[in-house]
Amino acid sequence: MLRDITLGQYFPGDTVVHRLDPRTKLILVIAFIVGLFAAKGWPSYAVIIAVTALSLRVSKIKPGSAFKGLKPIIFIIVLTALLNIFYTDGTPVAEGWPITWQGIEKAIMMSLRIIILIIGTFTLTYTTSPIALTDGMELLMNPLKKIRVPVHEMSMMMSMALSFIPSLIKETDKIMSAQKARGADFETGNLLQRAKALLPILVPLFVSSFRRADELAVAMESRCYHGGEGRTRMKQLKLEKRDLVALLLGAVFLAAIFVMKHFGL
């Protein structure tokens, strides 16, 4: 299960999506999320699914890698579908049944929305390194510095969090393997027993996390890190023609979704 968590993982490549400016990709992801939540009918969902599939194709991300990240949230997807099936009013599937046709349709739509949302947002981290993502976020939020928002510090914290997720997952996997070798059982028993069985994992994981954070703080202080003041970048971000084309396509996508929503599609 832990190996199925792909959040924060970066897959290096030389595709058009990889070469896009991180600011462009952040704006496109925001536009994608807005369009996804604005979609109402099946034609709109068909367009969004096609755009998602095209993005995976262009970025050369295997569908298996994209769907692998859905395994940890299967419970949430199933629970969302069941709640919509049983708590949506409409025409019953059969006389006396609590399930309605509208509930089934809404359950499918909501499940698809969660799946597409996860795959679409994960594409950003799949094709963008944490450093580039930090630089892009900082530049986009630069206007907030005028109202004394710590933009650089916020971007740096998010970058470090994303970069440490794969390391923490590997560390947790090693601890679980070591505990299993000592006879620990994490798969049997009721919910309370399973929760108690996780204590031998959580304690060393927290100790390891604090030690890693302390080492990182010492390394940053030894390099005289004092925040974003006077900081320069090795790679200067610059919008290219491909970025302008991508932004234009994103605007067309968003406009198409809102037009389809206006006509009830």
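For the structure itself, consult the block above.
Note that this is a predicted model, so its numbers are computed, not measured. (Residues numbered from 1 in each chain as written. Predicted model: local features only at pLDDT ≥ 70, side-chain atom pairs only at ≥ 80, totals over all residues. Heavy atoms only, no water.)

Asks: Honestly, the overall build of the chain in this entry has me stumped. Any pointers?
Replies: Secondary structure assignment for the chain yields 11 helices and zero strands. Overall, the chain shows an N-to-C arrangement of helices and strands of α-α-α-α-α-α-α-α-α-α-α. For the chain, the spread of C-alpha atoms along the principal axes amounts to about 70 × 60 × 40 Å. Evaluated residue by residue, the chain yields a buried proportion of 33% over its 265 residues. Accessible surface, the chain as shown: approximately 16,900 Å² in total, 68% of it carbon and sulfur. (Helix = DSSP H or I, 4+ residues; strand = E, 2+ residues; numbered from the N terminus. Buried < 20%, exposed > 50% of the residue type's maximum accessible area, 1.4 Å probe, protein only. Areas by Shrake-Rupley, 256 points an atom, 1.4 Å probe, with all protein chains shown as cover.)

Asks: I tried to follow a nonpolar patch on the surface on my own but got confused; where do I start?
Replies: Taken together, I74, F75, I76, V78, L79, L82, L83, F86 and Y87 make up a surface patch of nonpolar side chains, about 930 Å² in accessible area. Locating L82 in the fold gives a position in helix α5 (residues 74-86). (Patch = residues over 30% accessible without salt bridge, like charges linked within 9 Å, V, L, I, M, F, W, Y side chains within 5 Å. Salt bridge = Lys/Arg side-chain N within 4 Å of Asp/Glu carboxyl O.)

Asks: Is there a simple way to explain the packing of aromatic side chains in this structure?
Replies: The geometry of two aromatic rings is summed up by the distance between their centres and the angle between their planes. In this structure the tally under the stated criterion is four aromatic pairs. Summarising the aromatic geometry, the rings of W42 and Y45 are spaced 6.1 Å apart at their centres and angled 55 degrees between planes, so their arrangement reads as tilted. Here Y45 and W42 lie together in helix α3 (residues 42-59), a separation of three residues that amounts to about one turn. According to the relative accessible area criterion, W42 is partly exposed, its value standing at 37%. On the accessibility criterion, Y45 (2% relative accessible area) is buried. (Phe/Tyr/Trp six-rings, centres within 6.5 Å; stacked < 30°, edge-to-face > 60°.)

Asks: I'm lost on the pattern of salt bridges in this one. Help?
Replies: A side chain of one charge can pair with a side chain of the opposite charge when the charged atoms of the two come close. Tallying each qualifying case throughout the model produces three salt bridges. Here E171 makes a salt bridge to R212, at a shortest N to O gap of 3.5 Å. Taken as a pair, E171 in helix α8 (residues 151-181) and R212 in helix α10 (residues 199-222) lie far apart in primary sequence, 41 residues in all.

Asks: When you look at the packing of α3 against helix α11 (residues 241-262) in this model, what are you seeing that I'm missing?
Replies: Direction vectors running N to C along α3 and α11 enclose 165 degrees, while the axes themselves pass 9 Å from each other. The pairing of α3 with α11 is recorded here as roughly antiparallel in orientation. Remark: the crossing between α3 and α11 carries left-handed chirality. Of α11, the residues touching α3 (which contributes P43, S44, V47, I48 and V51) are F253, I257 and M260. Split into classes, the residues belonging to the contact of α3 with α11 amount to seven nonpolar, one polar and no charged. (Axes fitted to C-alpha atoms, helices over the stretch in contact; angles between N-to-C directions. Parallel < 35°, antiparallel > 145°, perpendicular 65-115°, else oblique. Left-handed = near helix turned anticlockwise from the far one by under 90°. Contact = heavy atoms within 4.5 Å. Nonpolar A, V, L, I, M, F, W, Y, C, P; charged D, E, K, R; others polar.)

Asks: Help me understand α11, please; the structure alone is not making it clear to me.
Replies: Quick reminder: α-helices carry 3.6 residues per turn. Residues three or four places apart thus point the same way. Counted at 1.5 Å a residue, the expected span for α11 with its 22 residues is 32 Å, and the 32 Å between its end C-alpha atoms agrees. Contacts from the buried residues of α11 go to α2 (22-38) and α3. Looking one or two residues beyond α11, the residue adopting positive phi is G264, at roughly 75 degrees. (Expected span 1.5 Å × (residues − 1).)

Asks: Any chance you could explain the packing of α2 against α11 here in plain terms?
Replies: Packed helices, taken two at a time, are described by their axes: the angle between them and the distance between them. Interhelical geometry of α2 versus α11 gives an angle of 10 degrees and a closest axis separation of 9 Å. Between α2 and α11, the angle falls in the class roughly parallel. Two secondary-structure elements touch here, α2 through T24, I27, L28, A31, F32, V34, G35 and A38 and α11 through D243, A246, L247, G250, F253, L254, I257, F258 and K261. Residues of the contact of α2 with α11, tallied by class, amount to 12 nonpolar, three polar and two charged.

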